[in-house]
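Examining the three-dimensional arrangement
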Amino acid sequence: LGSGVIVRADGIIVTNNHVIEGAQALKVVLSVRREFDAQLVLADPRVDLAVLRINAGQQLPTLPFANTHDAEVGDLVLAIGNPYGLEQTVTSGIISALARTDVGISDYAFFIQTDAAINRGNSGGALVDMNGALVGINSAIFSETGGSNGMRFAIPSEMVRRVVESAVSGGREVVRPWLGARVQPVTQEMARSLGLPRPEGVVVGDLYPRSAGQRAGLRSGDVILSVAGNEVRDNGGLRYQFATQRPGSRVPLVVLRDGRRMTINANAE
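Quick summary incoming for the structure in this document.

Inspection of every chain in the model, using the stated rule, returns twelve salt bridges. The shortest N-O distance in the salt bridge between Arg198 and Glu200 comes to 3.8 Å. By relative accessible area, Glu200 is classed as buried at 10%. Taken together, the shared-partner salt bridges in this structure form one network comprising Arg198, Glu200, Glu231, Arg233 and Arg261.

Below, the structure written as structure tokens:
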């Protein structure tokens, strides 16, 4: 058993891939106790998301996507799901941390950490803000015993939206833009030598031939400070921010080169 979120009125539902992986049949039970057979539209093991479809014969209520770029540590959130099969359980807490890239759960780790109680069965459920918008999909807990120790992680809504867009457009897999740059975080010593007031951004080591980064004019030694207005601090953050851009869009990168800040536009490809 797991949880899910209706994100489109025509019956599109998001959950975790590990909830449905290996299933021979899928059944969705709504809060009003109506049951439907579900069809798997797209599974994305690399980010642990799956998109399902049900035919309810009517328009369904949905959760809108929140903009997690506006989220801050300390914001109040609610976790909704079915822990241990207890239907429609709601717990509350705060956003404990943002941009957790060192959790090691998926290939595109960039998790929202929360202290809202999440247990087995909550996987795939909604983490919502006080406006009722979807902040993320509850996916994992950190535990040495199997119990909930106050460290829970959700996949941000930007990644969820990209997977849903790929699914409803008929894609068999999610196309994620790739910058093609090998980078390392800026340390305190590097920051001093670069004239930065604090460690920020990532230093480009080299670029893959014909990659989006090389085509945009990035060079070895450039310091990438932000992607599409979002600060990056490590390789995981850079990969996530670029991967969540719409394919074909122009993505502005703020770069420090020879002591001068400049903006380079890369194609999300």
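This brings us to helix α5 (residues 235–243). Among all positions of α5, only Gly237, Leu238, Tyr240, Gln241, Phe242 and Ala243 are buried. Measuring from the side-chain oxygen of the N-cap residue of α5 to the backbone nitrogen of Gly236 gives 3.4 Å; that N-cap residue is Asp234.

Summed over the entire model, instances satisfying the criterion amount to two aromatic pairs. Considering the side-chain rings of Phe111 and Phe153, the 6.2 Å spacing of their centres and the 70° angle between planes classify their relative orientation as edge-to-face. In this pair, Phe111 is assigned in strand β9 (residues 111–114) and Phe153 in strand β12 (residues 152–156), connecting sequence segments 42 residues apart. Between Trp178 and Tyr208, the ring centres sit 5.1 Å apart and the planes meet at 50°, which makes this aromatic pair tilted. Residue Trp178 is found in the loop between α2 (157–168) and β13 (181–185), and its partner Tyr208 is found in the loop between β14 (202–207) and α4 (212–216); the two are separated by 30 residues along the sequence. Its relative accessible area of 45% is what places Trp178 among the partly exposed residues.

About the cut-offs
Residues numbered from 1 in each chain as written. Predicted model: local features only at pLDDT ≥ 70, side-chain atom pairs only at ≥ 80, totals over all residues. Heavy atoms only, no water. Salt bridge = Lys/Arg side-chain N within 4 Å of Asp/Glu carboxyl O. Buried < 20%, exposed > 50% of the residue type's maximum accessible area, 1.4 Å probe, protein only. Helix = DSSP H or I, 4+ residues; strand = E, 2+ residues; numbered from the N terminus. Polar contact = N/O pair within 3.5 Å; in protein donor to acceptor, adjacent residues only side chain to side chain. Phe/Tyr/Trp six-rings, centres within 6.5 Å; stacked < 30°, edge-to-face > 60°.

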